[in-house]
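# Survey of secondary and tertiary structure
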Amino acid sequence: MSIALLWILVGVVLILSELMLTSVVAVFLGIGAIVTGLLVHWGLVDEMSIQFAVFGTVSLVTLLLARGRIKQWFTGYTADHDETKPNFQRDIGARVTVVKEFKHGAGRVLLNGVQWDAFSEDELNVGDTAWVIANEGIQLTVQKKRMPVQTKEGNS
């Protein structure tokens, strides 16, 4: 196996590894290795020290110039870019149905087809309607009376 083919294979493996790593760095190392392998294959580079210099230079230059642009391709939906409320806030104000009677302030409610553990200061029986006033992770706080809807300015 020639050294040129070895460089190219290493480059391909690095680029493919990016599919699992998603750090968007290995792809630039892969590009550097492929460019080095091609230069060796064409006889433009012979010495090992120059091969490593070409590999490092090409990898670094492509990393600095293109990483920001290419990283956007690999980035999916993130909560930082979502203008809407997070999921746990979307449930506030939602109507729920009591599926297990509230005893000592604790019971179960049905929200969007899913049963949730819930707390309430109100007496709630099976079949009653309640309204979500808070979401603490996997537990809801509900009340019998519907809360007034708040606008962005905080007015009712």
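Here goes a summary of the coordinates provided. What you see is a predicted model, and the numbers here were worked out from it, not measured in a lab.

### Examining the pairing of strand E5 (residues 139-143)
Each regular strand displays side chains that alternate between the two surfaces of the sheet. As defined by bridge partners, strand E3 (residues 114-119) adjoins E5 across three bridges and the pair is classed as parallel. In the sheet register, Asp117 faces E5, and the bridge partner there is Gln139. Pairing of strand E4 (residues 129-136) with E5, which is carried by five bridges, proceeds in the antiparallel orientation. Bridging across to E5, Val132 finds its partner in Val142. Counting the residues that bridge the hairpin from E4 to E5 gives two residues, and of these Gly137 lies at a positive phi of roughly 75°.

### What about unusual backbone geometry?
For residues that are not glycine, phi is negative in most cases, and the peptide bond is trans in most cases. The phi torsion at His104 lies on the positive side, around 55°, for a residue other than glycine. Checked against the element boundaries, His104 lands in the loop between strand E1 (95-103) and strand E2 (106-111). Of note, Asn112 is a non-glycine position whose phi angle comes to about 55°, a positive value. On the secondary structure map, Asn112 appears in the loop between E2 and E3. Judged by relative accessible area, Asn112 falls into the exposed class, the value being 67%.

### A closer look at the packing of aromatic side chains
Inspection of the entire model under this criterion finds two aromatic pairs. Note on Trp7 and Phe52: the rings are 5.5 Å apart at their centroids and 70° apart in plane angle, and the pair reads as edge-to-face. Residue Trp7 is located in helix H1 (residues 3-21), and its partner Phe52 is located in helix H3 (residues 48-74); the two are separated by 45 residues in the primary sequence. Given a relative accessible area of 9%, Trp7 falls into the buried group.

### Here we look at H1
Along an α-helix, residues three or four apart share an orientation, since each turn contains 3.6 residues. An ideal rise of 1.5 Å per residue puts 27 Å on 19 residues; H1 measures up with 26 Å between its terminal C-alpha atoms. Within H1, the full set of buried residues consists of Ala4, Trp7, Gly11, Ser17 and Glu18. One face of H1 carries all of its buried residues, which in axial projection span an arc of 150°. The outward face of H1, more than 90 degrees from its buried face, is lined by the exposed residues Val13, Leu16, Leu19 and Met20.

### Quick look at the sheet that holds E1
Here we have five strands rolled up into a closed barrel, ordered E1-E2-E3-E5-E4, and mixed in their pairing. Within this sheet the neighbouring strands show an average axis-to-axis angle of 50°, counted without direction. Of the strand pairs in this sheet, E2 and E3 are connected by six bridges, and their pairing is antiparallel. The residue of E3 that forms the bridge with Arg108 is Asp117.

What counts, and where the lines are drawn
- Chains are numbered independently. Their residues run from 1 in the order of the written sequence.
- The predicted origin of the model limits local features to residues at a pLDDT of at least 70 and limits the giving and counting of side-chain atom pairs to 80 or more, whereas totals for whole chains, interfaces and linings rest on all residues.
- To get the side-chain values, take all heavy atoms of the structure and skip hydrogens and water.
- DSSP bridges decide pairing: two strands pair if at least two such bridges lie between them.
- Secondary structure follows DSSP: runs of H or I at least 4 residues long count as helices, runs of E at least 2 residues long count as strands, and numbering of each begins at the N terminus.
- In this scheme, a residue with accessible area under 20% of its type's maximum is buried, one over 50% is exposed, and one in between is partly exposed, where area comes from a 1.4 Å probe on protein chains only.
- Aromatic rings from Phe, Tyr and Trp, taking only the six-membered ring of Trp, are treated as a pair when their centres fall within 6.5 Å; an angle between ring planes under 30 degrees marks them as stacked, one over 60 as edge-to-face, and anything in between as tilted.
- A helix is expected to reach a length of 1.5 Å times the quantity of its residues less one.
- In this description, the arc belongs to the directions extending from the helix axis to the C-beta atoms.
- Lines fitted to C-alpha atoms define the axes here, with helix axes fitted over just the stretch in contact, and angles between the N-to-C directions of these axes take values from 0 to 180 degrees.

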